[in-house]
Number of protein chains: 2
Amino acid sequence: MSEQTTVPVKLGDRSYDILIGSGLIDRAGQEIAARTGARRVAIVSDENVAALHLQHLTDSLKAGGIESTPILVTPGEKSKGFATLETVTNAILSARLERGDIVIAFGGGVIGDLAGFAASIARRGMGFVQIPTSLLAQVDSSVGGKTGINTAHGKNLVGAFYQPQLVLADTDVLDTLSPREFRAGYAEVAKYGLIDRPDFFAWLEKNWQGIFDGGPERIQAIAVSCQSKADVVARDERETGDRALLNLGHTFGHALETATHYDSARLVHGEGVAIGMVLAHQFSVKMNLASDDDAKRVEAHLRHVGLPVSIGDIPGELPPADKLMDYIAQDKKVARGALTFILTRGIGQSFIARDVPPSAVLSFLQEKHPK
Amino acid sequence: MSEQTTVPVKLGDRSYDILIGSGLIDRAGQEIAARTGARRVAIVSDENVAALHLQHLTDSLKAGGIESTPILVTPGEKSKGFATLETVTNAILSARLERGDIVIAFGGGVIGDLAGFAASIARRGMGFVQIPTSLLAQVDSSVGGKTGINTAHGKNLVGAFYQPQLVLADTDVLDTLSPREFRAGYAEVAKYGLIDRPDFFAWLEKNWQGIFDGGPERIQAIAVSCQSKADVVARDERETGDRALLNLGHTFGHALETATHYDSARLVHGEGVAIGMVLAHQFSVKMNLASDDDAKRVEAHLRHVGLPVSIGDIPGELPPADKLMDYIAQDKKVARGALTFILTRGIGQSFIARDVPPSAVLSFLQEKHPK
């Protein structure tokens, strides 16, 4: 089985493997049975993913001797809230699962965050396995143990650090994603190059088409991404330091998501991150940290794969720059009143900048979004 | 300051101190400031506790240089649910507290469980300090990190293991409890003697009046109780083994609480535990594990302090024995279908019995509750 690779996440007694490859749903039952010993699981998924893949997974589990109860939620970010959390948690309890049994998150980032959080609180912690079905979830949200929901105060402000026991990233499933959704996930792949792997970014510039087409480059790109994230998480599981690097592009990105009211017709998370990464590079140029050539190279590559790269690429009206600045200040990555940003000295040279002057950010935003 | 003692809870990087003594609310501001460095807190409390003690605590915090936001909930078990959890968590976020800031649980067991759970999930984990105001909370629920809420499926089925950074048990506050509430907490004090400290139980038989009257025996009894619980928790934080001993009396007790619909006019938690501990001893006699003399001694002491000791002591109608049995089977302490009970070989000799035959429990219940 050459089309499979394993990335270990090293977190002491919370260590686990990420399996990446073709045909992994077929082997999900045997892998879960062998690695966890579980015989009963709940599968949390959304109606779209379930329509395409639930029977496949259920059959595979059954072949591995595992009985499963599906728990389906409405697709979309709206399901990441207290109401659905309560529904899913109660459904896990209704299924009479015990502490050693397993909750499987089977879907994209919303499902992983929601199901992982429910798994962490049901009986004060059930077993948990991630089977991410979007590129974004495979390379980002399923790795590292951040789970949670949104509230009126912002995204992901309520949740738990809760590691899965196993992640199965079946790369075949990605063929059922829309091109737009695949591209959005690709923004997070590119992010790892931009954080601290300049060679990987250069490799992506040459090989991105193979990733999109499902060639062997796809498994390789996902594996490098998961390894990158696993390395950061192993150094800083609870985000007291280095883990913040993973937020490259996210401070601007979240502000834009808030500004578009999380309307996925206008902007999805990965697109916000793509624009945010370009802005982070441009802002770093403005702060005399990075070269304009590097910022242009980032913009060119992301535009080349079809991602939006500027605030003007977002369809519809946006609030003025000072309002965007308010959203940034409200973001959770505010430590004791000071603004913390991920800035860069060039491709693959990102760093955590604390005490960034809010006035500099505002004047940059006014330049990029003059109205 | 001879009227204060410290019990350390040893849990590696989650270790903390329990301070027990007179006048601790007066010193809360300085202790919290010195030990956590926090300058901003939310105080989660209920309206009854707030009316009596909130100003006192707020003044003390202010004197320690700490700014506080009160978050008040309706008194009673009904507040331990998803709806109030959402309200409290949102109020913590509204107060703009950051990760290093602190949520103080200021009240009895309900407040400690609810506020601790909210602290664990708000921003994926805030600082947390317990200031328990009931005897039950001081000797039991504030120690050991179990937090959570109830659902339609049962008590405490949703929650987190989340350790506080500090517990302040002010023994003066207990003078404002009703005699019934104090007695109910005393059942958990006696429990530690019955689990594995026969000398402590004998000491309680002689010194209980001093504990009720607020003599120096009170601080001593609370300290021994906290130490007992801390020892068990240090051995088994996540209840995979020994920690289950703390459930002595709780399996029967929870069934009786369910049977009375958690109507505190009929039965409060500590009363259920008192009856449950007597039943656990009597059932152990029936199973030829313990002597009838020990069971009678337990019953006599608990009755002497004014606690209910039999199913017949509960006012109003109760469902029949086979229904009580159903409640027991639904309790979360069911591992893979087998009944697990805490039984005893005599006072201070409790042990975890797995695979207790349900038929033996049912016939014992029919004997004790013939209808």
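If you're wondering where the values come from, they're calculated on a predicted model, not measured in any experiment. (Residues numbered from 1 in each chain as written. Chains lettered and ligands numbered in written order. Predicted model: local features only at pLDDT ≥ 70, side-chain atom pairs only at ≥ 80, totals over all residues. Heavy atoms only, no water.)

**Q** Looking at this structure, I do not really get the overall build of chain A. What am I missing?
**A** The secondary structure content of chain A amounts to 13 helices and 13 strands. Once the C-alpha set of chain A is aligned to its principal axes, its extents read approximately 60 × 45 × 40 Å. Burial analysis of chain A (371 residues in total) assigns 63% to the buried set. Long-range contacts, defined as pairs at least 24 residues apart, comprise 74% of the intrachain contacts of chain A with a sequence gap of at least 6. One finds the centroid of the 38 positive side-chain charges in chain A at a distance of 5 Å from the centroid of its 44 negative side-chain charges. (Helix = DSSP H or I, 4+ residues; strand = E, 2+ residues; numbered from the N terminus. Buried < 20%, exposed > 50% of the residue type's maximum accessible area, 1.4 Å probe, protein only. Contact = heavy atoms within 4.5 Å. Lys, Arg positive; Asp, Glu negative; His and termini not counted. Charge placed at Lys NZ, Arg CZ, Asp CG, Glu CD.)

**Q** Explain the interface of chain B and chain A to me, please; I cannot follow it from the model alone.
**A** The extent of an interface is frequently quoted as the accessible surface area lost upon association of the parts. Listed per partner, the contact involves 36 residues of chain B and 36 residues of chain A. Between chain B and chain A, a total of about 3000 Å² is buried, with carbon and sulfur atoms accounting for 49% of that surface. Viewed at the interface, chain A and chain B are joined by 0 salt bridges. Put simply, chain B and chain A have 14 residue pairs in polar contact (both at pLDDT 80 or more) between them. Within the residue set of the side of chain B that touches chain A, elements represented by two or more residues are α3 (82–94), α4 (109–121), β7 (146–151), β8 (154–161) and β10 (334–335) of chain B. Considering every element that reaches the side of chain B that touches chain A, the biggest residue donor is α3(B), with 7 residues. The residue makeup of the side of chain B that touches chain A, split by class, is 12 nonpolar, 12 polar and 12 charged. (Buried area = accessible area lost by both parts, 1.4 Å probe. Salt bridge = Lys/Arg side-chain N within 4 Å of Asp/Glu carboxyl O. Polar contact = N/O pair within 3.5 Å; in protein donor to acceptor, adjacent residues only side chain to side chain. Nonpolar A, V, L, I, M, F, W, Y, C, P; charged D, E, K, R; others polar.)

**Q** It is not clear to me how the sheet that holds strand β6 (residues 127–132) of chain B should be interpreted in this structure. Could you clarify?
**A** Pairing between the strands of a sheet comes from backbone hydrogen bonds, and it takes one of two forms, parallel or antiparallel. Residue and element names in this part refer to chain B. The strand order across the open sheet formed by 7 strands is β1-β2-β9-β6-β5-β3-β4, and the pairing between neighbours is mixed. A strand with exactly one partner marks an edge of an open sheet, and here the two such strands are β1 (4–9) and β4 (67–73). Geometrically, the sheet is characterised by an average inter-axis angle of 20° between neighbouring strands, direction not taken into account. Across 6 bridges, the pairing between β1 and strand β2 (residues 16–21) is antiparallel. Residue pairing for β2: T6 is matched across the bridge by L19. Strand contacts of α3: β3 (40–46), β4 and β5 (102–107), with the helix running at about 165° to β4, the strand carrying the most contacts. (Pairing = 2+ DSSP bridges. Axes fitted to C-alpha atoms, helices over the stretch in contact; angles between N-to-C directions.)

**Q** It is not clear to me how unusual backbone geometry should be interpreted in this structure. Could you clarify?
**A** Peptide bonds are trans in most cases, and residues, glycine excluded, mostly fall at negative phi. Despite not being glycine, A:D355 has its phi angle at roughly 60°, a positive value. With a relative accessible area of 58%, A:D355 lands in the exposed category. Positive phi, normally seen in glycine, also occurs at B:N156, with a value near 55°.

**Q** Help me understand the sheet that holds strand β2 (residues 16–21) of chain A, please; the structure alone is not making it clear to me.
**A** Residue and element names in this part refer to chain A. Spatial ordering of the open sheet is given by β1-β2-β9-β6-β5-β3-β4, a layout of 7 strands whose pairing is mixed. Edge positions in the open sheet fall to β1 (4–9) and β4 (67–73), since each of these has one partner strand only. Strand-to-strand twist of the sheet, defined as the mean angle between neighbouring strand axes without regard to direction, takes the value 20°. Here 5 bridges tie strand β3 (residues 40–46) to strand β5 (residues 102–107), and the two strands are oriented parallel to one another. Across the sheet, S45 pairs through a bridge with F106, a residue of β5. Contacting β3, β4 and β5, helix α3 (residues 82–94) crosses the sheet at an angle of about 165° to β4. The strands that helix α8 (residues 216–235) touches are β1 and β2; relative to β1, the one it contacts most, it runs at about 5°.

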